[in-house]
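Listed below are the residues making up each chain.
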Amino acid sequence: GAVVSQHPSRVICKSGTSVKIECRSLDFQATTMFWYRQFPKKSLMLMATSNEGSKATYEQGVEKDKFLINHASLTLSTLTVTSAHPEDSSFYICSATQGGSYNEQFFGPGTRLTVL
Amino acid sequence: GENVEQHPSTLSVQEGDSAVIKCTYSDSASNYFPWYKQELGKRPQLIIDIRSNVGEKKDQRIAVTLNKTAKHFSLHITETQPEDSAVYFCAASSDSWGKLQFGAGTQVVVTP
């Protein structure tokens, strides 16, 4: 099956610093990647949709200057949390889709971000 | 936009019994309905999905039914086992890029 990796799996940073999270599709070309945020015991909240070579489309209420998304190739998308604060602490998960008539999303293992 | 509601939020069943989770959606243009299983701290895993041109789909102990008219779909797990314990999410998509709207999730606990 399709494999999506995410790095790092866990990161602890100080308030005010920036953190970059990478999402890679290992064995397929991902026309679209998605970034989600998940709070404990809550559902996945879509943050943005990222298409290769285009600007990301952010969901309402998500600050694009705070959460920078880059989709430089068909196998890599990055999420940078800029000037992180404790309220940004969360589980961030990416997913990727091959596009076409099937919309199945393949999820990465997630990144646990803790901002001190 | 799409809104997906999921019930119940928690479900406790005895091993061997069946579990049913129900979801409703708002956008009649939605055409893809996946179900994901997520264990604590892990990624969501697709367990079954259904498209709008199909009313029912089964894969061993798992089945999904779709009622387009009523805009609801359900997950059925038969002969539950302790390893079925997890959080289950339904989702719906009407977007050409495959954007999913997730339900709130159901914590399923299967007791031996």
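No experiment lies behind these values; they were computed from the predicted model shown. (Residues numbered from 1 in each chain as written. Chains lettered and ligands numbered in written order. Predicted model: local features only at pLDDT ≥ 70, side-chain atom pairs only at ≥ 80, totals over all residues. Heavy atoms only, no water.)

**Topic: the state of the cysteines**
In step 1: With the rule as written, the count across this model stands at two disulfides over all chains.
In step 2: With its sulfur 2.0 Å from that of its partner, Cys23 of chain A forms a disulfide with Cys94 of chain A. Of note, the bridge from Cys23 of chain A to Cys94 of chain A carries an S-S torsion of about 80° and is right-handed in sense. In this pair, Cys23 of chain A sits in strand 3 (residues 19-25) while Cys94 of chain A sits in strand 9 (residues 90-97), placing the two residues 71 residues apart along the sequence. Across the pair, Cys94 of chain A and Cys23 of chain A agree in class, each one buried.
In step 3: The residue that forms a disulfide with Cys23 of chain B is Cys90 of chain B, at a sulfur-sulfur distance of 2.0 Å. Its S-S torsion of about -100° marks the bond between Cys23 of chain B and Cys90 of chain B as left-handed, since a negative value means left-handed. In this pair, Cys23 of chain B is assigned in strand 3 (residues 19-25) and Cys90 of chain B in strand 9 (residues 86-92), connecting sequence segments 67 residues apart. Exposure class is identical for Cys23 of chain B and Cys90 of chain B. Each is buried.
In step 4: Lacking any disulfide linkage, Cys13 of chain A is separated from the closest cysteine sulfur, that of Cys94 of chain A, by 18 Å. (Disulfide = S-S within 2.5 Å. Helix = DSSP H or I, 4+ residues; strand = E, 2+ residues; numbered from the N terminus. Buried < 20%, exposed > 50% of the residue type's maximum accessible area, 1.4 Å probe, protein only.)

**Description of the nonpolar core**
In step 1: Phe67 and Leu113 of chain A are the most contacted members of the largest nonpolar core, which has 26 residues in total.
In step 2: Of all the elements in the fold, those that place two or more residues in this core are strand 2 (10-13), strand 3, strand 4 (32-38), strand 5 (44-51), strand 7 (67-73), strand 8 (76-81), strand 9 and strand 11 (111-115) of chain A.
In step 3: Setting aside its immediate chain neighbours within four residues, Phe67 of chain A contacts Arg37, Met47, Tyr58, Val62, Leu79, Thr80, Val81, Asp88 and Tyr92 of chain A.
In step 4: Judged by nonpolar contacts, the second largest core, of 24 residues, contains Ala19, Ile48, Ala86 and Val110 of chain B. (Core = buried A, V, L, I, M, F, W, Y, C linked by side-chain atoms within 4.5 Å. Contact = heavy atoms within 4.5 Å.)

**Quick notes on the environment of Ala48 of chain A**
All names here are of chain A.
In step 1: Structurally, Ala48 can be placed in strand 5.
In step 2: Note: C-alpha distance between Ala48 and Val62 (14 residues apart in sequence) is 8.0 Å.
In step 3: The residues contacting Ala48, other than those within four sequence positions of it, are Met33, Phe34, Trp35, Thr57, Tyr58, Glu59 and Ile69.

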